[in-house]
Amino acid sequence: MNGDRIAKLQQSFGILGNSDEIREIIETIDQVAKTDITVLILGESGTGKELIANAVHRHSFRKHQPLVKVNCGAIPAGIIESELFGHVKGSFTGAIEHRKGYFESANNGTIFLDEIGEMPLETQVKLLRVLELGEFLPVGGSEIKKADVRIIAATNKDISVETEKERFRKDLYYRLKTITISLPPLRKYPDDIPIFVNKFAIEFANRNSIIFKGLSPNAMNLLMKYHWPGNIRELKNFIESMIVLQKGEVINSKMVEKRLLVERRIPSPNLPMKVSKSIDQAERELILHQILLLRRESHEIKNILSEKIDRLDFEKMPDSGILPHLFPVQKEEKVTEEGEVKENYIINPNMLGTVSFEEVERELIEKTLNKFNFKKRQTANSLKISERTLYRKIKEYGL
Ligand SMILES: Nc1ncnc2c1ncn2[C@@H]1O[C@H](COP(=O)(O)OP(=O)(O)OP(=O)(O)O)[C@@H](O)[C@H]1O
Ligand SMILES: [Mg+2]
């Protein structure tokens, strides 16, 4: 499969990553989505199982039909069958009317059975029947119903171990695992971490109109070395909380270390921490330390605010979009105290690899048009393009 096609699919499914692992996953989605074959998605928590299930459905011929998601771990064992297959009136106390189950609601579409490892054994027998014969019996009913449903299942459990322990039926496992997509934990492909970090940061900063100036190389290194037990979800939450707390500053390794300690409150191999204390004692000290830091920071914020409040220049208020993040600094040479010449960049190096030419062009044209009150000649002149090209671009981007 060529790189362009992979990139296109990734973009339309919102799946980030450049590593071989991610590419292989996209290739598998492309190969299996347009069949009715059952797909089993395995992976630790937060590795993207639901995202991949969505992608399989959206890339299938069933994409205009429903995708019904069922969290098997969240439904009490006593009612899971009636939830899945429906029930007839009077089949049990409280069944005051007929009720459609998820399989019926998903007819012609896809059903996503999340946390399938939690499904009770008796229900597994019935699921196997749907898989093999495409039919089921509502609870208390006598009329067999047909289900034209594609099944995608996911779990973060090791199902082969579950079958050994007889908590999961072997026959169902073999039926489900024909096509298995195993999502690797994030720590197995750390080279993709900068891509995730920058994309999540920019999206979050844009949504909340916060300026994001990027991370220092050391900060990024730290994130790449961290083991991320909660995988991509944890990384995403982490980045969002970093941005909220570090508004407007380049995020450095100290900030990252501090935040990792607060978030996890456990010693990590990358983060220095005394081990002679009990965990309780260390936690108390850490919390106290954080309270002190917070107090100091809020004091500093108060001072800065009171100084700046009457000098507010609304023209320079934080702007949303990509450009403020892409061009956060002017190109200039700076001589450090050690006499070293350091170059600042026109393009924020942290943004490279995360934005496309098209995104930048679109925003640049849109903002320049706004600046010149939609006067095409002035806009075209300032962008050094012909008015004809400008018209074409306006049309192309639907501005
Ligand atoms: N490759 C990826 N590219 C972009 N975002 C991703 C990727 N993988 C996961 N995410 C994001 O990470 C978060 C967690 O993903 P998701 O909910 O699919 O994980 P999960 O494996 O189903 O987790 P759990 O087992 O806890 O239910 C979501 O916000 C999702 O959009
Ligand atoms: Mg999930």
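Here is what the cut-offs are and how they apply
Residues numbered from 1 in each chain as written. Chains lettered and ligands numbered in written order. Predicted model: local features only at pLDDT ≥ 70, side-chain atom pairs only at ≥ 80, totals over all residues. Helix = DSSP H or I, 4+ residues; strand = E, 2+ residues; numbered from the N terminus. Buried ≥ 20, exposed ≤ 12 C-beta atoms within 10 Å, placed from the backbone. Contact = placed C-beta atoms within 7 Å. Core = buried A, V, L, I, M, F, W, Y, C linked by C-beta atoms within 7 Å. Near = placed C-beta within 6 Å. Nonpolar A, V, L, I, M, F, W, Y, C, P; charged D, E, K, R; others polar. Domains from an automatic or database assignment. Axes fitted to C-alpha atoms, helices over the stretch in contact; angles between N-to-C directions. Parallel < 35°, antiparallel > 145°, perpendicular 65-115°, else oblique. Left-handed = near helix turned anticlockwise from the far one by under 90°. Pairing = 2+ DSSP bridges. pLDDT = per-residue confidence, 0-100. Arc of directions from axis to C-beta.

**Student:** In this structure, what is going on with the overall build of the chain? I would like to understand it.
**Tutor:** Tallying secondary structure elements over the chain gives 17 helices and 9 strands in all. Expressed as a percentage of the 399 residues in the chain, the buried residues total 25%. Considering only contacts in the chain between residues 6 or more positions apart, those separated by 24 or more positions represent 70%.

**Student:** Explain the nonpolar core here, please?
**Tutor:** It is characteristic of soluble globular proteins that their nonpolar side chains tend to be buried jointly. In terms of nonpolar packing, the biggest core is built from 42 residues, with Ile41, Ile52, Phe103 and Ile111 touching the most fellow members. Aside from chain neighbours lying at most four places away, what touches isoleucine 41 is Lys49, Ile52, Ala53, Ile152, Ala154, Ile181 and Leu183. One finds Val197, Ala205, Tyr226 and Ile243 within the second-largest nonpolar core, a separate group that totals 21 residues.

**Student:** Quick question: what am I supposed to make of the environment of isoleucine 22 here?
**Tutor:** Looking at the element boundaries, isoleucine 22 is found in helix 2 (residues 20–32). Look at isoleucine 22 and you get buried, because 20 C-beta atoms sit within 10 Å. Those residues in contact with isoleucine 22 that lie beyond four places of it in its chain are Ile15, Gly17 and Asp192.

**Student:** I would appreciate a short explanation of the site of ligand 1 in the present structure.
**Tutor:** Around ligand 1 sit 16 residues, and of these Leu16, Ser45, Gly48, Lys49 and Glu50 come closest. Contributing elements (two or more residues each) for the shell around ligand 1: helix 3 (49–58) and helix 11 (231–245). Counted by class, the shell around ligand 1 contains 4 nonpolar, 8 polar and 4 charged residues. When we break the shell around ligand 1 down by domain, the ones giving at least three residues each are domain 1 (3–184) and domain 2 (188–283).

**Student:** Which parts of the structure should I look at to understand the packing of helix 9 (residues 193–207) against helix 11?
**Tutor:** When two helices pack together, their arrangement is given by the angle between their axes and by how far apart the axes lie. Close contact between helix 9 and helix 11 brings their axes to 9 Å; oriented N to C, the two are set at 50°. One element, helix 9, and the other, helix 11, form an angle in the oblique class. In this structure, the crossing between helix 9 and helix 11 has a hand that is right-handed. Along the contact surface, helix 9 presents Phe196, Val197, Phe200, Ala201, Phe204 and Ala205, while helix 11 presents Ile232, Leu235, Lys236, Ile239, Glu240 and Ile243. Looking at the contact of helix 9 with helix 11, its residues break down into 10 nonpolar, no polar and 2 charged.

**Student:** Honestly, the packing of helix 9 against helix 10 (residues 217–225) in this entry has me stumped. Any pointers?
**Tutor:** Orientation of helix 9 relative to helix 10, taken along the N-to-C sense of each, is 115°, at an axis distance of 9 Å. Judged by the twist between their axes, the crossing of helix 9 over helix 10 is right-handed. Residue-level inspection shows Ile193, Pro194 and Val197 of helix 9 in contact with helix 10, the latter providing Met220, Leu223 and Met224.

**Student:** Where do I start with the sheet that holds strand 6 (residues 150–155) in this structure?
**Tutor:** Sheets are built from strands that pair by backbone hydrogen bonding, the pairs being arranged parallel or antiparallel. Taken in spatial order, the 5 strands make up an open sheet running 2-3-6-1-7, and their pairing is parallel. The open sheet has two free edges, formed respectively by strand 2 (67–71) and strand 7 (179–182), since each of these has just one partner strand. Recorded for the sheet is a direction-independent mean angle of 20° between the axes of neighbouring strands. Here strand 3 (residues 110–114) pairs with strand 6 via 4 bridges, running parallel.

**Student:** Help me out: how do you make sense of the environment of serine 160 in this one?
**Tutor:** By the secondary structure assignment, serine 160 is in helix 7 (residues 159–164). Sequence spacing of serine 160 and lysine 170 is 10 residues, and the spatial spacing of their C-alpha atoms is 8.4 Å.

**Student:** Help me out: how do you make sense of the confidence of the model for the chain in this one?
**Tutor:** Should the pLDDT be low somewhere, the predicted coordinates at that spot are not to be read in detail. On average, residues of the chain score 85 in pLDDT, and 82% of them reach the 70 mark or higher. With pLDDT under 50 throughout, residues 266–276 is counted as low confidence; its partners more than four residues away or in other chains account for 11 contacts.

**Student:** Please explain the pairing of strand 3 as it appears in this structure.
**Tutor:** Consecutive residues of a regular strand have side chains that alternate between opposite faces of the sheet. With 5 of 5 residues buried, strand 3 is to be regarded as a mostly interior element. The side-chain alternation of strand 3 yields two buried faces, one formed by Thr110, Phe112 and Asp114 and the other by Ile111 and Leu113. Examined bridge by bridge, strand 2 and strand 3 share 5 bridges and lie parallel to one another. Looking across to strand 3, one finds that valine 68 is bridged to isoleucine 111.

**Student:** What should I look at first to understand helix 10 in this one?
**Tutor:** In an α-helix there are 3.6 residues to a turn, and that puts residues three or four apart on one side. Within helix 10 the residues assigned to the buried category are Ala219, Leu222 and Leu223. Viewed along the axis of helix 10, the buried residues span an arc of 100°, placing them on a single side of the element.

**Student:** Honestly, the environment of lysine 157 in this entry has me stumped. Any pointers?
**Tutor:** By secondary structure assignment, the location of lysine 157 is in the loop between strand 6 and helix 7. Residue lysine 157 is classed as partly exposed on the basis of its C-beta count, with 15 C-beta atoms lying within 10 Å. Once the C-alpha coordinates of lysine 157 and leucine 42 are considered, the two residues, 115 residues apart in sequence, prove to be 7.8 Å apart. With sequence-adjacent residues up to four places away left out, lysine 157 is seen in contact with Gly117 and Glu162.

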